[in-house]
Structure formats: C-alpha cells, structure tokens
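An overview of the molecular structure
Given next are the chains, with one letter for each unit.
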Protein chains: 2
Amino acid sequence: MQRMMGTLLIAFVLGVVLGKLLLPVLHRLKFGQNIYELAPEAHKKKQGTPIMGGLVFAGAFIIAALLMNDYSMPVWQNMTLAMMLMALGNMFIGFADDMTKIRRGKNGGLTPKQKMFFQTILALAFSLYCYFHPQVGSVIEIPFLRTQLDLGILYVPIMMFIIVGTTNSANLLDGLDGLLTSVSIVDFAALSVLAAVAGLSGLGVGCAALCGGLMGFLIYNVNPAKMFMGDTGSMFIGGAVVAAAMMLRQPLILVLIAFWMFMSTLSVIIQVTYFKKTGGKRIFKMSPIHHHFELCGMSEVRIVAMYMMTTAVLCIITLMGIL
Amino acid sequence: MQRMMGTLLIAFVLGVVLGKLLLPVLHRLKFGQNIYELAPEAHKKKQGTPIMGGLVFAGAFIIAALLMNDYSMPVWQNMTLAMMLMALGNMFIGFADDMTKIRRGKNGGLTPKQKMFFQTILALAFSLYCYFHPQVGSVIEIPFLRTQLDLGILYVPIMMFIIVGTTNSANLLDGLDGLLTSVSIVDFAALSVLAAVAGLSGLGVGCAALCGGLMGFLIYNVNPAKMFMGDTGSMFIGGAVVAAAMMLRQPLILVLIAFWMFMSTLSVIIQVTYFKKTGGKRIFKMSPIHHHFELCGMSEVRIVAMYMMTTAVLCIITLMGIL
C-alpha cells in the first residue's frame, strides 16, 4: 500500500509539472482542436484549445510506474508493463486520429478500416497475452456470486470484443471538459484497491500511477479546459482500464466501473438505430448521452459531478461485490 | 467495511432525494443568499441562490448514520452519535448566522460575542467528552513518528482551540461553488478508512454517511450552484471533521486533511495583520486565498479541482503516515 500511495504522489507531481511544460508547446505547435461541427453550440468557444493533453498523464504514468515498478518477476509477466504497452498501443491509434483532426482531414491518419484493423490486432495480442499469463488465464471471476467461470479458448474472442468496445467507449465519453478525466480518476483508484486486495501489488502500482497522473492533469482539463486529452488520451485510458480489469480476472466489473463509457456507446447505438427505423426521429436530443443532458439544460460541470459521483458509487458497489 | 460502504450508498441516495425535495422549498421560503458586497464582481450573479442547502447532507447523514449505526456499546460512548451532536451543535450556530443574512441584518441572530460564547461552550463540552471517553482520553497519536503524546488535562484547552479554529476555518473555506463540499468528500472518505483501520467501525459508519450525503449534495452545489450549504452546512462540516479526528486520537492530521480550511484562516490573518501594519497594503488580492486565486484569473471550477486533488494527495500522505 505504501508503495502504491508513493507512486500516486510521484505521478501527481509529474502530471502537474508535465502539464505546465507541455501547455505552451502544444499551443506553439498549433495542436488546436477543430470542434466537431455538430457539437452543441456552446462548444464553439472551445475552438483552438490544444489536444493531445493525454501525453501529460501518459508521461506521468510511464515515468512513475517505471520508477516504482516491482521487477522481481519475469519481465513478460510484469502486469504494469503489459498495461502500459496495451495503453500505448491504443494511444498510437488515437494519436493518428488526432493528427487527422489537426490537419483538418487533409492527409488523414488512419481510415476507419485501418483503425479497426489495428484495434483488432492489438485486442488479439492482449487477449492471448492474458490467456497465457500464469496469473490470469481463461478463468474470470463473477463478482457478487463470488464464483468463477472458465471460458476456455472462448476467452480470446470474448475479451477481444470487450477490449474494442471499452476503448472506443472511453473515446466517446471524452466529450465534456474534465469528464473522462474525473471518471477515470475514480476508476483507477478503485482498480488500485482491487489490485492490492488481490495481492497484485505490481498492477496496483500501475493503476495508482495512472490515477495520480490523471489527478494532476485534471487541474488543466476542468472547465474551461486549457487542454483536451484528445483521442491520444482517451484511447490510452480505455486501453489501460480494460487491461487492468482483465489482469484482475474481473472483466465483468467494467459494466459497473466503466458504466458511463458503455452508456455513451449504447446511447449512440440506440439513437442511430431509432433514427434509421423511424426515418428521422430521435430519442435523445443528441448522443452520446452527456450531450443530451447538456441540451436539457444541465451545466457541463454539473454533468461531470454527476458522472464522477455516480461512478464512485458504482465503484463502491463493485468493491462490495468483491471484497 | 461492507457496513460502511452500504451506509455511504444509502446516504448518497438520500442526499440526491433530499436535494430534489428541499430545493423548491428553500426557493419558496426565499432563503436566498445576499452576496457579500466585497466578494469578487463575478459573484454578484449568485444573488438569490438559496442557502441552508447544508440541511441536505446533514439530513442524509443523520438518517443513514442512525439506520446503520452499531448500538452495541453504551449510548454515551457511541462515537457516531457524539459526532452527530457536535456537528448539530455547530450547525445551530451557523443556522443563526444564516437567518441573519436572510433578514439582511435586521433582527440579527447572534452577535459575534454570543456566537463565540456558544462555540466555546460547545468546544469545552466536546473536549471533556473525549477526555473521559474510554477509547479516546488525553493521549493523542503523532503520525509519521508513530508515537503517542499524553497531554494530560492540557488536552481540554488545546482541543478547544483546535475545535473553534477548525469550525471557523471550514466556514471560511465555503466561498466558491462546490469548494468545501468537494474537499469534505475527500476528507470523510479518508476519515472512514482511518476509522476502519483503527477498528472504530462505528465512527467509520458516521464518516461514510457524511461522505455519501456530501456526494449527493455536490450535484446541486457545483458551479453554477443551485443551492449553497450556508453557514448551516459549513459549521456542520467543521464540527464533524474535528470530532472525527479527535475521536480517532488524531487531531494533528487536521493540518493535512483540513489544510485548505486552515489556509483560508491563515490567509485572512496574514492579510489583516499586514494591512494594519503597513497602513493599507495588501499581500493577497483578496482573502480568503481562494478569492486571491480567482482574481489571479483561475476559473472557479479550476480552483475547486486544485483544492480537491491536493486534498486527496494530502489525505494519502496522511494515510502513509498512519497505516
């Protein structure tokens, strides 16, 4: 626990410092966001806010986690390194998307097909990694029932689906200042506790490092955001959260701790399906659902508080179902 | 732990429900805040926002804590009840202040002298209570050094000073939308953990109940606030936080977990002293120091995020010094 808490502190300080250093650089490089044309009117003023702020917490996480990592087990089994590689792999896919935005679509990074291809490859690689990891394998825990389920070789395709779903959902949730950051701080705090309880203190150090890095980043990312995390950041978070849950053998808790990520995706799917079926009618004023709340008159900050507090409650329910 | 987590969930739901119910009532009673004339210009638009929202989390805390309390020990030794009475006692002093504000100074509640008198009586009573409580007494823990110090009968005057200082400091920190609420959520989460570790699960239930109630209240209290907690709320929080720390025999951790409360007071003292000594010069643009940050151009929400995240870091340092 002391090591985890120390890691969090180091990562927080690094996050604050890296944010301070990176902010002018991102401005100089003109890495400004071109706000999505269809976003709510109030978002227009965000034009020009630099993206790729995700590099702040990614950097803080990597430095703190490498410093405080436990290197006693074989390198290939090191869970923090595995989580890091998974997050970085997804980050590069997000990075390509960000570059596309910066260049206003000219000379776009990845086509949707290429993106899906790389995501699938990454998901396959990580699922196989877990499948063969002596502390993970094909058995998953069922929270609340306190039982286990051996998925056998089906583990790989099921987890691939969960990985691609989670990373893209994290990406969709990143739509309001500080939203994904606040929710993720709570998630990684809960994952740190779960890792410590499961005796996986190595993984706990990784989760604590990301929690701390995000806490530092939040100060720049809250409304009005000085920088956005960009797809670079949201894909990084998505990769890290699913990796941590899988290595805990607890992929099912994602339904609770990543609730708002999945609700974002679900609301888009419902909206699009309904729109097509009815020939033009909408269920939500806008999707993902945080934009719906916004157009219903809730302030951006109130939505963030609501998402953060309900995520904390869902994390506590998760802990109650596992501890 | 399960009991504490369950209490937090109940209190959160109660906080959300009570907030919903109380908001129209407070509006109808015209319990609107008259914004302090000397507050930063941007605060003028807050005129009319109802105060006494503190009743929301006080109510949620009381119901949840009474429901989930452990009644196995003699009633007078029950720590959650003691914390509740201390918080309520302070709340009534704050309530009198709020009534003064609502009536625009006409027919004022308490004079400063009367207020100080009641605070002193309350502080004396609670210090004596702890002094004679078999699980508390005159011994306090020294964190980090992991040693103890027996203050003897000096315990009473020293604690009286700490109590009056903390409650008034909490009152000063309540100056921006969601500021004291966010900081207190983190504080009571940390205090719950400390209580559980110290084997005082009864006290843990009380801390968890207040944490949950505040989490529900935050949704109404974030910028732009739909209601303020008022002195009713801030004095309640101040009383509860100092009571919990004292019953844990850890009054010294208040320096860390209540850091921003004390910084608020300290900045006022420094400002006033310097102003008098120099015959009119100011160190801060305005005190308490959160208004200084505000006038330096930080957004209200960014200050809240900074205070909340640094408080979380200080709570983790506290845990490192005790666990």
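The rules we used
Residues numbered from 1 in each chain as written. Chains lettered and ligands numbered in written order. Predicted model: local features only at pLDDT ≥ 70, side-chain atom pairs only at ≥ 80, totals over all residues. Heavy atoms only, no water. Helix = DSSP H or I, 4+ residues; strand = E, 2+ residues; numbered from the N terminus. Expected span 1.5 Å × (residues − 1). Buried < 20%, exposed > 50% of the residue type's maximum accessible area, 1.4 Å probe, protein only. Polar contact = N/O pair within 3.5 Å; in protein donor to acceptor, adjacent residues only side chain to side chain. Core = buried A, V, L, I, M, F, W, Y, C linked by side-chain atoms within 4.5 Å. Contact = heavy atoms within 4.5 Å. Pairing = 2+ DSSP bridges. Least-squares fit on C-alpha atoms with pLDDT ≥ 70 in both. Phe/Tyr/Trp six-rings, centres within 6.5 Å; stacked < 30°, edge-to-face > 60°. Buried area = accessible area lost by both parts, 1.4 Å probe. Nonpolar A, V, L, I, M, F, W, Y, C, P; charged D, E, K, R; others polar.

1. Observations regarding helix α3 (residues 79–102) of chain B
Residues and elements named next belong to chain B.
- Taking 1.5 Å as the rise per residue, α3 with 24 residues should run 34 Å; its terminal C-alpha atoms sit 34 Å apart, in good agreement.
- Within α3, 20 of the 24 residues are buried, leaving the element largely enclosed by the surrounding structure.
- Capping of α3 at its N-terminal end is provided by N78; its side-chain oxygen lies 3.2 Å from the backbone amide nitrogen of T80.

2. Here's the deal with the nonpolar core
- Counting residues in each nonpolar core, the largest one holds 216 residues, and the members touching the most others are A:M83, A:F188, A:M247, B:M83, B:F188 and B:M247.
- With sequence-adjacent residues up to four places away left out, A:F188 is seen in contact with A:M83, A:C207, A:L210, A:C211, A:L214, A:I237, A:A240 and A:V241.

3. Structural notes on the pairing of strand β2 (residues 147–150) of chain A
Residue and element names in this part refer to chain A.
- Here strand β1 (residues 139–142) pairs with β2 via four bridges, running antiparallel. Across the sheet, residue I142 finds its bridge partner in β2, namely T147.
- In sequence, β1 turns back onto β2 through a hairpin of four residues, with F144 there showing a positive phi of about 70°.

4. With respect to the environment of B:P288
Residue and element names in this part refer to chain B.
- Looking at the element boundaries, P288 is found in the loop between α10 (259–278) and α11 (289–295).
- A residue is classified by how much of its surface remains accessible, and P288, at 10% relative accessible area, is buried.
- Considered as a pair, P288 and V304 are 16 residues apart in the sequence and their alpha carbons are 14 Å apart.
- Leave out the neighbours within four places in its chain, and P288 touches L172, S264, S267 and V268.

5. Some thoughts on the side chain of B:S267
- Residue position: B:S267 is located in helix α10.
- In contact with B:S267, not counting residues within four places along its chain, are B:F284, B:S287, B:P288 and B:I289.

6. Overview of the relation of the copies chain A and chain B
- The two copies are related by a screw motion: chain A maps onto chain B through a turn of 180° and a shift of 0.0 Å along the axis, at an RMSD of 0.0 Å. The transformation relating the two chain copies, once decomposed into turn and shift, fits a two-fold axis. For chain A, the smallest separation between a C-alpha atom and the rotation axis is recorded for A:V301, amounting to 4.0 Å.
- Here 100% of the contact residues of chain A are again contact residues in chain B; the copies associate through an equivalent surface.

7. As for the packing of aromatic side chains
- Counted according to the given criterion, the structure contains 24 aromatic pairs over all chains.
- Between A:F61 and A:F236 the ring centres are 5.7 Å apart and the planes differ by 80°, which places this aromatic pair in the edge-to-face class. Here A:F236 lies in helix α8 (residues 230–247) and A:F61 lies in helix α2 (residues 54–68), a separation of 175 residues in the sequence.
- Note on A:F61: relative accessible area 0%, which makes it buried.
- Here B:F57 and B:F236 contribute two aromatic rings whose centre-to-centre distance is 6.1 Å and whose plane-to-plane angle is 65°, an arrangement assigned as edge-to-face. With B:F57 in helix α2 (residues 54–68) and B:F236 in helix α8 (residues 230–247), this pair connects stretches of sequence that are 179 residues apart. For the pair B:F57 and B:F236, a shared accessibility class is recorded, and that class is buried.
- Three or more aromatic residues joined by ring pairs make a cluster, and in this case those are A:F57, A:F61, A:F217 and A:F236.

8. Notes on the interface of chain A and chain B
- Taken together, the contacts link 33 residues of chain A with 33 residues of chain B.
- Between chain A and chain B, roughly 2800 Å² of surface is buried when both sides are summed, and carbon and sulfur atoms account for 81% of that area.
- The three residues of chain A that bury the most area against chain B are A:R302, A:M309 and A:M320, which together make up 23% of that side's buried surface.
- At the boundary of chain A with chain B, the tally comes to twelve residue pairs in polar contact (both at pLDDT 80 or more).
- Those elements giving two or more residues to the side of chain A that touches chain B turn out to be α1 (2–28), α7 (201–221) and α12 (300–322) of chain A.
- Its residues assigned to classes, the side of chain A that touches chain B comprises 24 nonpolar, six polar and three charged.

9. Remarks on unusual backbone geometry
All names here are of chain A.
- Residue P224 is reached from N223 by a cis peptide bond, and omega for that bond is -5°.
- Among the structural elements, P224 can be located in the loop between α7 and α8.
- Notably, R249 is not glycine yet its phi reads approximately 65°, a positive angle.
- Within the fold, R249 resides in the loop between α8 and α9 (254–257).
- Assessed through its relative accessible area of 23%, R249 is described here as partly exposed.

Functional significance is not addressed by these values, which are geometric in nature.
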